[in-house]
Amino acid sequence: MIELDHVCKTFTGSDGQVDALKDVCLSVDDGDIYGIIGMSGAGKSTLVRTINLLEKPTSGTVRVDGVDMLSLSPAQLREKRREITMIFQSFNLLMQRTCLKNVCFPLELAGMKPSQAKKKALELLDTVGLKDKAGAYPAQLSGGQQQRVAIARALATDPKVLLCDEATSALDPGTTHSILELIREINAKLGITVIVITHQMSVVESICRHVAILDQGSVAEAGEVSEVFSNPKSHAARSLVFPEGDVDDLFRDGGPNEHLIRVVFDGSQATSEPLIAHMAVEKGIEASIAYASMREISGKTYGSVLLGIAGTEETVTEAISYLTQKENVTAREVKPYVQ
């Protein structure tokens, strides 16, 4: 388990002090895929770097598997960091080394024999689907392939935790999806705890089980992704979930019996027959689309739709039941925000 208790981080510069993290408390269970999301400047990268003490907190406690990271000696910290590896937006590969040599690098630092390091590196490249690129240099690879090599290198020391700092921000949507699927597979196969730092809602929706919303260095809201995204309570969460504007305005604009349902498509099989239109025909439940952000990748649908439905609570329940019959579709009523 990863535990951050009352973590604060203050930077001092020529313009004075900047509080990058303010009293952050988080717990991440072993084997979880945990998202940390927020706007630019919210403190996400600083937060993830406190976990392996690349950034030392000004105050607070960081524990990994019960070990107080701040109590470790430099040698003990170096050893512990082998269990906590990172991948970045910029890949950070050694451009003068082949893919194989990049993956071998942390193994060489750990003192592994060259023959053993090569064998393990080839196995890891096979895991990420790039064994045939072992002799290629990073400049000869696409962005997605470079990130796969970076993932293989991160796995070289058999880590317990993988930190992903905006790891897909530089990639196109299709490549992003394939990298996220790879991370999901690694998590399932190896049981590695994954922490995903991102500003993209779609990344959290497609891979994370739990999420924390970071706002100006503080945790505004945290919990299961389905709960936080379907019924956000903080202003910061609502701004991310409903980028079209304040959802309460949609309630005010609707009739007295207007209900809002947020429908999330997490890899649902795309069809030429619209689900919402079918609901109107088969169930007699008409819905207006208040907001939609959808995309199709490899024949599957990802994104979310905010529907306005007039009627009783029974109508809403029936609509949710109909919509969620389809695989990888979730739906939940969104309630007005009460301060």
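Please refer to the structure higher up on the page.
Just so it is clear, the model here is predicted, and its values are computed rather than measured. (Residues numbered from 1 in each chain as written. Predicted model: local features only at pLDDT ≥ 70, side-chain atom pairs only at ≥ 80, totals over all residues. Heavy atoms only, no water.)

Trainee: I'd like to hear about the overall build of the protein, residue by residue, with values.
Mentor: Scanning the protein from terminus to terminus reveals 12 helices and 14 strands. Computed over the C-alpha atoms, the radius of gyration of the protein is 22 Å, within 12% of the 20 Å expected from 2.2 N^0.38 for a compact globule of 339 residues. Each principal axis of the C-alpha distribution contributes one length, and for the protein these read about 70 × 50 × 35 Å. The buried share among the 339 residues of the protein stands at 47%. Long-range contacts, defined here as pairs at least 24 residues apart, represent 67% of the contacts in the protein between residues at least 6 apart. With the model as given, the accessible surface of the protein reaches about 16,100 Å², and the carbon-plus-sulfur share is 49%. Each charge sign in the protein was given a centre, from 34 positive and 44 negative side chains, and these centres are 12 Å apart. (Helix = DSSP H or I, 4+ residues; strand = E, 2+ residues; numbered from the N terminus. Rg over C-alpha atoms; globule rule 2.2 N^0.38 Å. Buried < 20%, exposed > 50% of the residue type's maximum accessible area, 1.4 Å probe, protein only. Contact = heavy atoms within 4.5 Å. Areas by Shrake-Rupley, 256 points an atom, 1.4 Å probe, with all protein chains shown as cover. Lys, Arg positive; Asp, Glu negative; His and termini not counted. Charge placed at Lys NZ, Arg CZ, Asp CG, Glu CD.)

Trainee: Give a detailed account of the packing of aromatic side chains, specifying residues and quantitative values.
Mentor: Under the defined criterion, the tally for this structure stands at 0 aromatic pairs. The ring of phenylalanine 11 carries lysine 9 above its face, with NZ or CZ at 5.0 Å from the centroid. (Phe/Tyr/Trp six-rings, centres within 6.5 Å; stacked < 30°, edge-to-face > 60°. Lys NZ or Arg CZ within 6 Å of the ring centre and 35° of its normal.)

Trainee: Please provide a residue-by-residue account of a nonpolar patch on the surface, values included.
Mentor: Side chains of Leu94, Phe105 and Leu109 sit close together on the surface and give an oily, nonpolar patch of about 250 Å² of accessible area. Looking at the element boundaries, leucine 109 is found in helix α3 (residues 99–109). (Patch = residues over 30% accessible without salt bridge, like charges linked within 9 Å, V, L, I, M, F, W, Y side chains within 5 Å. Salt bridge = Lys/Arg side-chain N within 4 Å of Asp/Glu carboxyl O.)

Trainee: With reference to specific residues and values, describe the pairing of strand β8 (residues 193–198).
Mentor: Most of β8 sits out of view: 6 of its 6 residues are buried. Bridge count between strand β3 (residues 33–37) and β8: 5 bridges; the pairing is parallel. Within the sheet, the bridge partner assigned to tyrosine 34 lies in β8 and is isoleucine 195. Bridging between strand β7 (residues 161–165) and β8 involves 5 bridges; their strand directions are parallel. For aspartate 165, the partnering residue across the bridge sits in β8 and is isoleucine 197. Note that the unit made of β7, helix α6 (residues 173–190) and β8 has a crossover that is right-handed. (Pairing = 2+ DSSP bridges. Right-handed = clockwise from strand over helix to strand, strands pointing away.)

Trainee: I'd like a description of the layout of surface pockets, backed by residues and values.
Mentor: Roughly 610 Å³ of internal volume is contained in the largest pocket. As for the largest pocket, its lining consists of 19 residues, of which Arg81, Thr85, Met86, Pro106 and Leu109 are closest to the centre. At the level of elements, α2 (74–81), β6 (84–88), α3 and α5 (143–154) are the ones that each hand at least two residues to the lining of the largest pocket. In terms of residue count, β6 provides more of the lining of the largest pocket than any other element does, 4 residues in total. Contributing to the lining of the second largest pocket are 17 residues, with Glu205, Val225, Ser226, Asp266 and Thr330 lying nearest its centre. Those elements that provide at least two residues to the lining of the second largest pocket are α7 (201–207), α8 (225–230), β11 (258–269) and β14 (329–334). Ranked by residues supplied to the lining of the second largest pocket, first place goes to α8 with 4 residues. (1 Å grid on protein atoms, 1.4 Å probe; cavity = no way out; pocket = protein on both sides within 12 Å on 5 of 7 lines; lining within 4 Å. Points joined across faces, edges and corners; volume = space filled by probe spheres on them.)

Trainee: How would you summarise the sheet that holds β6 if you had to cite specific residues and measurements?
Mentor: In spatial order, the strands read β6-β7-β8-β3-β9-β10; together these 6 strands make up an open sheet with mixed pairing. Looking at the sheet topology across the chains shown, the edges are occupied by β6 and β10 (218–224). Across the sheet, the mean angle from the axis of one strand to that of its neighbour is 15°, orientation sign disregarded. (Axes fitted to C-alpha atoms, helices over the stretch in contact; angles between N-to-C directions.)

Trainee: Describe the nonpolar core, listing the residues and the values that go with them.
Mentor: Grouped together as the largest cluster of nonpolar side chains are 52 residues, with contacts concentrated most on Ile87, Leu125, Ile151, Ile213 and Phe229. Membership of the second largest hydrophobic core comes to 26 residues, among which are Ile2, Leu26, Ala212 and Leu214. (Core = buried A, V, L, I, M, F, W, Y, C linked by side-chain atoms within 4.5 Å.)

Trainee: I'd like a description of empty space enclosed by the protein, backed by residues and values.
Mentor: Scanning the model with the defined rule gives 3 cavities of 30 Å³ or more in all. As for the largest cavity, its lining consists of Cys164, Glu166, Ala167, Thr168, Ser169, Leu180, Ile183, Val196, Ile197, Thr198, Gln200 and Val203. For the lining of the largest cavity, the elements supplying multiple residues, two or more each, are α6 and β8. Examining the composition of the lining of the largest cavity, we find that 3 residues originate from one element, β8, more than from any other. Its residues assigned to classes, the lining of the largest cavity comprises 7 nonpolar, 4 polar and 1 charged. Computed from the structure, the second largest cavity encloses a volume of approximately 50 Å³. Lining the second largest cavity, in full, are Ile2, Leu4, Leu26, Ser27, Val28, Tyr34, Ile36, Leu47, Ile51 and Ile195. Tallying contributions element by element places strand β2 (residues 16–28) first for the lining of the second largest cavity, with 3 residues. Residue composition of the lining of the second largest cavity, grouped by class: 9 nonpolar, 1 polar and no charged. (Nonpolar A, V, L, I, M, F, W, Y, C, P; charged D, E, K, R; others polar.)

Trainee: Account for the packing of α3 against helix α4 (residues 114–127), naming residues and giving values.
Mentor: Where α3 contacts α4, the two axes come as close as 9 Å, and the packing angle between them is 120°. Taken together, the axes of α3 and α4 are oblique relative to one another. Where α3 crosses over α4, the two elements pack in a sense that is right-handed. Mapping the contact onto sequence places Cys99, Leu100, Val103, Cys104 and Leu107 in α3 and Ala117, Lys118, Lys120, Ala121, Leu122, Leu124 and Leu125 in α4. (Parallel < 35°, antiparallel > 145°, perpendicular 65-115°, else oblique. Left-handed = near helix turned anticlockwise from the far one by under 90°.)

Trainee: How would you summarise the side chain of aspartate 32 if you had to cite specific residues and measurements?
Mentor: The topology assignment puts aspartate 32 in the loop between β2 and β3. Aspartate 32 sits in the buried class, given a relative accessible area of 6%. Excluding its chain neighbours within four sequence positions, the residues that come into contact with aspartate 32 are Asn187, Ile192, Thr193, Val194, Arg209 and His210.

Trainee: Account for the pairing of β2, naming residues and giving values.
Mentor: Sheet topology places strand β1 (residues 2–13) next to β2; 9 bridges connect them, and they run antiparallel. Looking across to β2, one finds that isoleucine 2 is bridged to valine 28. Hairpin connection, β1 to β2: the antiparallel pair is bridged by 2 residues.

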